[in-house]
Amino acid sequence: MHATRVCRAVHLRLRGRRLRARGSPRPLRATRTTESACPRCASHSTIRGNAYGLFISSANGITVSDSTVSDSLEDGVVLHRFAASAVVERTVSKHNGGDGFHLARATEEVRISGSTSVDNGGNGFTLSGRALAEGPSASGESLDTYGSNSVSNSVARGNAHYGIEVIGGVGIGIGIQNNRVEGSDMGIVARLDASGVAITGNQLIGQARQGIAVRDGVTRATVTGNVTEDTDTGVYIRDSRAEVRGNTVEEAHNHGVTLVGSIGGSVVSYNVIAGVGPSAVDNSRAGSGITIKENQTFAWHDTSSFWIKFRHYMSPMTMLWTSILLLILFAAGRGRKHRNMLGMHPYRDKAPLGGRMFALPGAEEHARESEQRPETVGPGAGAHGGPRPGHGSPPANPRRRPSRPKIYCRTRTFG
């Protein structure tokens, strides 16, 4: 079976040997040396073309350094059950079918530093601290969780799934620190009830979805001092509790920081966020109990629609306070108008006429009608208005125009 191709590092020293097994059915072997030379060490080795590149199980205090593992059918470097207190440094795992480095369940206190995982079919680095069983089992496995594993000063580039993934685990020192992750679907992911994860000082470039994701029951996570570039979302928190502080998000295409679900107790503060999308900090789908403060979003270009902006700003409390402010302004305006009328005479509209002469409406028409009427019959006038016989009267001057009566009224003005 291919599973028998195992390089066991317990009490073995592999220095300067090139270990190859291309399709050979025989298990990979190494020469045994004395413990005095270098007990439990594997260094300066090349391992290529196996089912698993380097497989370590039930060992304590192993050191793997300055080695290259490539072209494995499954994972490159595997630390299996009950591998503890191991050190993996300056090791390259590339072109493997599964993960580059895989720390399986029941491993603890494993430190990976200065290593590189390139172009693998799974994750670059996988750290699992989950228990061997989640309840009663036929073999009576332990329900305890494991942890205290770390990856630092390492590179994950072009891996098909995630750059670095932390699955469960509890303890002090679950650290993802000062790493560089390029490409992949997501950069760094912590999930499934992991506790006490510290994701600090990492650089993440060109992830398809999230640069950093903390989700599905993670507690006491710290995400500080990281830089994400050219990602869809810089930092993503879902149904977990995390402190997101002092990170820099550049060239995000959707959101800088996204908060979803039950994340009570989480804090998002002092982050610098730049990019283009609906919002720099998206908390529209998050529950209550979160703190968002002192984030610099001046370099963010908001592309959300007017309705989205209206819904964001017009919360029930905002609408209530806006209504109260408008009511106060309306009342103040009416009060000012009332004060301007206090200096007027109280009976201005009741004042009697007098003082000034003005012509009544219709006076000109009345005068015109008077011109067209015959003269009033008086002494010496005939029956039809002419002079009576025997009573002569001087002829009227034809050039003289009759005077127009004018009607005037007086009014009094108040100055």
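Residues numbered from 1 in each chain as written. Predicted model: local features only at pLDDT ≥ 70, side-chain atom pairs only at ≥ 80, totals over all residues. Heavy atoms only, no water.

**Here we look at the overall build of the protein chain**
For the record, the criterion: Helix and strand assignments follow DSSP, with helices taken as H or I runs no shorter than four residues and strands as E runs no shorter than two, numbered in order from the N terminus. Relative accessibility thresholds used throughout: buried, under 20% of the residue-type maximum; exposed, over 50%; partly exposed, between the two (1.4 Å probe, protein chains only). Throughout, a residue-residue contact means that at least one pair of heavy atoms, one from each residue, lies within 4.5 Å. Note on areas: these come from Shrake-Rupley sampling with a 1.4 Å probe, and a residue is covered only by the protein chains present in the view.
Assigned secondary structure in the protein chain consists of 3 helices and 36 strands. Scored against the burial criterion, the 415 residues of the protein chain give a buried share of 40%. Sequence-distant contacts in the protein chain: of pairs separated by 6 or more residues, those separated by 24 or more amount to 58%. With the model as given, the accessible surface of the protein chain reaches about 23,600 Å², and the carbon-plus-sulfur share is 53%.

**Here's the deal with the environment of Arg245**
Here is the rule: Under this definition, polar contacts are N or O atom pairs within 3.5 Å; protein pairs additionally need one hydrogen-donor-capable and one acceptor-capable atom, and for neighbouring residues in sequence, both atoms have to be side-chain atoms.
With respect to the secondary-structure elements, Arg245 resides in strand 27 (residues 242-245). When its relative accessible area of 36% is taken as the criterion, Arg245 is described as partly exposed. Sequence-wise, Arg245 and Ser269 are 24 residues apart; in three dimensions their C-alpha atoms are separated by 5.0 Å. Beyond its immediate sequence surroundings of up to four residues, Arg245 is in contact with Val223, Thr224, Gly225, Ser269, Tyr270 and Asn271. Engagement of the side chain of Arg245 in a polar contact is seen with the side chain of Glu243, the distance being 2.6 Å.

**Notes on the sheet that holds strand 26 (residues 233-238)**
Within a sheet, adjacent strands bond to each other through the backbone by hydrogen bonds, running parallel or antiparallel. Inclusion rule: Strands qualify as paired when DSSP identifies two bridges or more between them. Structural elements are reduced to axes, namely lines fitted to C-alpha atoms, with helices fitted over the stretch in contact, and the angle between N-to-C directions of any two is expressed from 0 to 180 degrees.
The parallel open sheet is built from 10 strands, whose spatial order is 5-8-11-14-17-20-23-26-29-32. Of all strands in the sheet, those bounded by a partner on one side alone are strand 5 (54-56) and strand 32 (279-286). Neighbour-to-neighbour, the strand axes of the sheet open up by a mean angle of 5°, direction not taken into account. Of the strand pairs in this sheet, strand 5 and strand 8 (residues 77-79) are connected by 3 bridges, and their pairing is parallel. From the neighbouring strand, Leu54 faces strand 8, where its bridge partner is Val77.

**Side note on unusual backbone geometry**
For Ser85, which is not a glycine, the phi torsion comes out positive at approximately 55°. Relative accessible area serves as the criterion here: at 32%, Ser85 is assigned to the partly exposed category. Residue Leu192 is not a glycine yet carries a positive backbone phi of 55°. The partly exposed category is assigned to Leu192, whose relative accessible area is 29%.

**A closer look at the packing of aromatic side chains**
Keep this limit in mind: Only Phe, Tyr and Trp rings take part, Trp by its six-membered ring, and two of them pair if their centres are within 6.5 Å. Stacked means planes under 30 degrees apart, edge-to-face means over 60, and tilted covers everything else.
Within this structure, the stated rule accounts for 2 aromatic pairs. With centroids separated by 5.4 Å and ring planes inclined at 75°, the aromatic side chains of Tyr52 and Phe55 adopt a geometry described as edge-to-face. Taking relative accessible area as the criterion, Tyr52 reaches 24% and is therefore assigned partly exposed. On the numbers, 4.9 Å between centres and 10° between planes, the contact of Phe101 with Phe125 is stacked. Placement of the pair is Phe101 in strand 11 (residues 101-103) and Phe125 in strand 14 (residues 125-128), with a sequence separation of 24 residues. For the pair shown, Phe101 and Phe125 are each scored as buried.

**Digging into the pattern of salt bridges**
Put simply, the rule is: Salt bridge, as used here, is a side-chain nitrogen of Lys or Arg placed within 4 Å of a carboxyl oxygen of Asp or Glu.
Counted under the stated rule, the structure contains 10 salt bridges. Notably, a salt bridge pairs Arg180 with Glu182, separated by 2.5 Å at the nearest N-O pair. According to the relative accessible area criterion, Glu182 is partly exposed, its value standing at 21%. With a shortest N-O distance of 2.8 Å, Asp216 and Arg238 are connected by a salt bridge. With a gap of 22 residues between them, Asp216 in the loop between strand 23 (210-215) and strand 24 (221-224) and Arg238 in strand 26 connect regions that are remote in the sequence.

**Section: the pairing of strand 24**
Pairing analysis gives 3 bridges linking strand 21 (residues 197-200) to strand 24, with the strands arranged parallel. Bridging across to strand 24, Ile199 finds its partner in Val223. The sheet contact formed by strand 24 and strand 27 spans 4 bridges and is parallel. Considered in strand 27, the bridge of Val223 is made with Val244.

**As for the nonpolar core**
Threshold: Throughout this description, the term nonpolar core refers to a set of buried Ala, Val, Leu, Ile, Met, Phe, Trp, Tyr and Cys residues connected via side-chain atoms within 4.5 Å.
Counting 52 residues, the largest nonpolar core has Leu79, Ile112, Phe125, Ile176, Ile199, Val214 and Ile237 as the members making the most contacts within it. Considering every element that reaches this core, the biggest residue donor is strand 32, with 3 residues. Residues contacting Ile112, with those up to four places away along its chain left out, are Val88, Phe101, Leu103, Phe125, Ser150, Val151, Ser152 and Ser154. Counting 6 residues, the second-largest nonpolar core is a separate cluster that includes Tyr162, Val189, Ala213 and Tyr236.

**Observations concerning the side chain of Ser67**
Turning to its location among the elements, Ser67 is positioned in the loop between strand 6 (63-65) and strand 7 (68-70). When its relative accessible area of 5% is taken as the criterion, Ser67 is described as buried. Separated by 3.4 Å, the side chain of Ser67 and the backbone nitrogen of His44 make a polar contact. Dropping the residues within four chain positions of it, Ser67 is found in contact with Ala42, Ser43, His44, Ser45, Arg90, Thr91 and Val92.

**A look at the environment of Ala286**
With respect to the helices and strands, Ala286 occurs in strand 32. Contact partners of Ala286, with chain neighbours within four places excluded, come to Leu259, Val260, Gly261 and Ile263.

**Describing the confidence of the model for the protein chain**
Detailed reading of the predicted coordinates is not advisable wherever pLDDT is low. Stated formally: For every residue, the predictor assigns a confidence score, pLDDT, that lies between 0 and 100.
Looking at the protein chain as a whole, the pLDDT averages 80, with 68% of positions reaching at least 70. Per-residue pLDDT stays below 50 along residues 1-36; that stretch engages in 76 contacts with residues further than four places along the chain or on separate chains.

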